[in-house]
Amino acid sequence: MKESLYNLPGTRSAVQPAEPADATATQARTVAEVLQQSQVEAVLAELEHDLVGLVPIKQRIRDIAALLVIDKLRLNLGLAAQTPTLHMCFTGNPGTGKTTVAMRMAEVLHRLKYVRKGHLVAVTRDDLVGQYIGHTAPKTREVLKKAMGGVLFIDEAYYLHRPENERDYGQEAIEILLQVMENQRDDLVVILAGYKARMDTFFQSNPGMRSRIAHHLDFPDYNVAELAQIAERMLTEQNYSFGEGTPEVFREYLKKRMAQPHFANARSVRNALDRARLRQASRLFAEAERELTVEDLTTITPADLLASRIFRSS
């Protein structure tokens, strides 16, 4: 009965028969040929360019890509029959690039033909767990159906398990996920994400989930220099720039903000820049009669940052 509930229609078995050697005569035989055919290097280059820092994470993604490339060469020679387990756990504080890396990972998997579509479906507990009996299974199956052929990213996955509530239906969603992660692992990659300590507790309570996760990636917090670089990139994308003396003021802002609660790395940087733009707009708005130049409209000045409550409170 469970097979009909958890095996979604239109999905493939996790075990693939190896192709006979004589049928692969024109297939790739070198790493360079696989990279050229799949264009995976372009995705890895984008990851390197788009994300500041995160050196250990980038290396781990390259290692996983290398595993998949070699596995493809083995398949081409008729050596491989078992699809590797690629489910992952991303841990770290907010704003450390977990969702961005998940999107790039989906592209890598798609280009190497480990998933059919390469899309990312990002969800939380509310998308999977129902509020009454019989509601959770259809919700979870619907999400899984949308994610098939790509990557399912479950943020703050530990909220699926609430042992303090006897009437909670999160365990039902977990059981469905476990079955699909095992039976359709060649057509769906699940990435669980959240704070490290909470994810460790979640795995202790759900050893079956831990056993299905092959790759654990811990995302470090950014330092001041990396956050300043992220800010410069964000401004450039929006046709803004820091004026004279502003980078130094922004670094001082970061040091003060990082010492306060609820700092969220790149998200906090984005919020700070949004508020600076708001102050810049108010400052220029007050000069109603002055003709504004491109420099006026694109420059964030020290005053736009110094007006922050971060400086006033200190």
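The structure we're discussing is the one just above.
Computed from a predicted model, the values in this text were never measured in an experiment.

### Quick notes on the packing of aromatic side chains
Here comes step 1: One pass over the structure, following the stated rule, counts six aromatic pairs.
Here comes step 2: With 5.1 Å between their ring centres and 50 degrees between their planes, Phe90 and Phe219 make a pair best called tilted. Here the residue Phe90 occupies a position in strand S1 (residues 88–92), and Phe219 occupies one in strand S5 (residues 215–219), the gap between them amounting to 129 residues. There is no split in this pair, since Phe90 and Phe219 are both buried.
Here comes step 3: Plain terms: the ring middles of Phe242 and Phe250 are 5.3 Å apart, the flat faces sit at 40 degrees to each other, and that makes the pair tilted. Across the pair, exposure class does not vary: Phe242 and Phe250 are buried alike.

### Some remarks on helix H5 (residues 98–111)
Here comes step 1: Between its terminal C-alpha atoms H5 stretches 20 Å, which fits the 20 Å expected from 14 residues at 1.5 Å a residue.
Here comes step 2: What H5 keeps buried is the set Lys98, Val101, Ala102, Arg104, Met105, Ala106, Val108 and Leu109.

### Observations concerning the pairing of strand S3 (residues 151–155)
Residues in a regular strand project their side chains so that they alternate between the two faces of the sheet.
Here comes step 1: In terms of burial, S3 is a largely internal element, four of the five residues being buried.
Here comes step 2: As paired elements, strand S2 (residues 120–123) and S3 share four bridges and run parallel to each other. Looking at S3, one finds that Ala122 is bridged to Phe153.
Here comes step 3: Bridging between S3 and strand S4 (residues 189–194) involves five bridges; their strand directions are parallel. In the strand pairing of S4, Phe153 is matched with Ile191.

### Let's talk about the layout of surface pockets
Here comes step 1: Empty space within the largest pocket amounts to approximately 760 Å³.
Here comes step 2: Elements supplying a minimum of two residues to the lining of the largest pocket: helix H3 (40–50), H5, S3, helix H11 (224–237) and helix H13 (266–285).
Here comes step 3: Of the residues that constitute the lining of the largest pocket, the class distribution is twelve nonpolar, ten polar and ten charged.

### Topic: the environment of Arg279
Here comes step 1: Secondary-structure assignment places Arg279 in helix H13.
Here comes step 2: For Arg279, a relative accessible area of 21% translates into the label partly exposed.
Here comes step 3: Each C-alpha atom, one on Arg279 and one on Ser308, is 9.2 Å from the other, the two residues being 29 residues apart in sequence.
Here comes step 4: Once residues lying within four places of it in the same chain are set aside, the contact partners of Arg279 are Asp304, Leu305, Ala307 and Ser308.
Here comes step 5: A distance of 2.7 Å separates a polar atom in the side chain of Arg279 from the backbone oxygen of Asp304.

### Side note on the packing of helix H2 (residues 31–38) against helix H4 (residues 55–76)
Here comes step 1: H4 packs onto H2 with a crossing angle of 105 degrees between their chain directions and a minimal axis gap of 10 Å. One element, H2, and the other, H4, form an angle in the roughly perpendicular class. Between H2 and H4, the contacting residues are Val31, Val34 and Leu35 on the first element and Val69, Ile70, Lys72 and Leu73 on the second.
Here comes step 2: For the contact of H2 with H4, the per-class residue count stands at six nonpolar, no polar and one charged.

### Examining the sheet that holds S4
Here comes step 1: Taken together, the five strands give an open sheet; going across it, the order is S2-S3-S4-S1-S5, and neighbouring strands pair in parallel fashion. The open sheet has two free edges, formed respectively by S2 and S5, since each of these has just one partner strand. Averaged over all adjacent pairs, the angle separating strand axes in this sheet is 20 degrees, with direction ignored.
Here comes step 2: In this fold helix H7 (residues 136–147) packs onto S2 and S3, with an angle of close to 135 degrees to the strand it touches most, S3.
Here comes step 3: Where helix H9 (residues 196–205) meets the sheet, it contacts S1, S4 and S5, and its direction lies at approximately 125 degrees from that of S4.

What counts and what doesn't
- Residues numbered from 1 in each chain as written.
- Predicted model: local features only at pLDDT ≥ 70, side-chain atom pairs only at ≥ 80, totals over all residues.
- Heavy atoms only, no water.
- Phe/Tyr/Trp six-rings, centres within 6.5 Å; stacked < 30°, edge-to-face > 60°.
- Helix = DSSP H or I, 4+ residues; strand = E, 2+ residues; numbered from the N terminus.
- Buried < 20%, exposed > 50% of the residue type's maximum accessible area, 1.4 Å probe, protein only.
- Expected span 1.5 Å × (residues − 1).
- Pairing = 2+ DSSP bridges.
- 1 Å grid on protein atoms, 1.4 Å probe; cavity = no way out; pocket = protein on both sides within 12 Å on 5 of 7 lines; lining within 4 Å.
- Points joined across faces, edges and corners; volume = space filled by probe spheres on them.
- Nonpolar A, V, L, I, M, F, W, Y, C, P; charged D, E, K, R; others polar.
- Contact = heavy atoms within 4.5 Å.
- Polar contact = N/O pair within 3.5 Å; in protein donor to acceptor, adjacent residues only side chain to side chain.
- Axes fitted to C-alpha atoms, helices over the stretch in contact; angles between N-to-C directions.
- Parallel < 35°, antiparallel > 145°, perpendicular 65-115°, else oblique.

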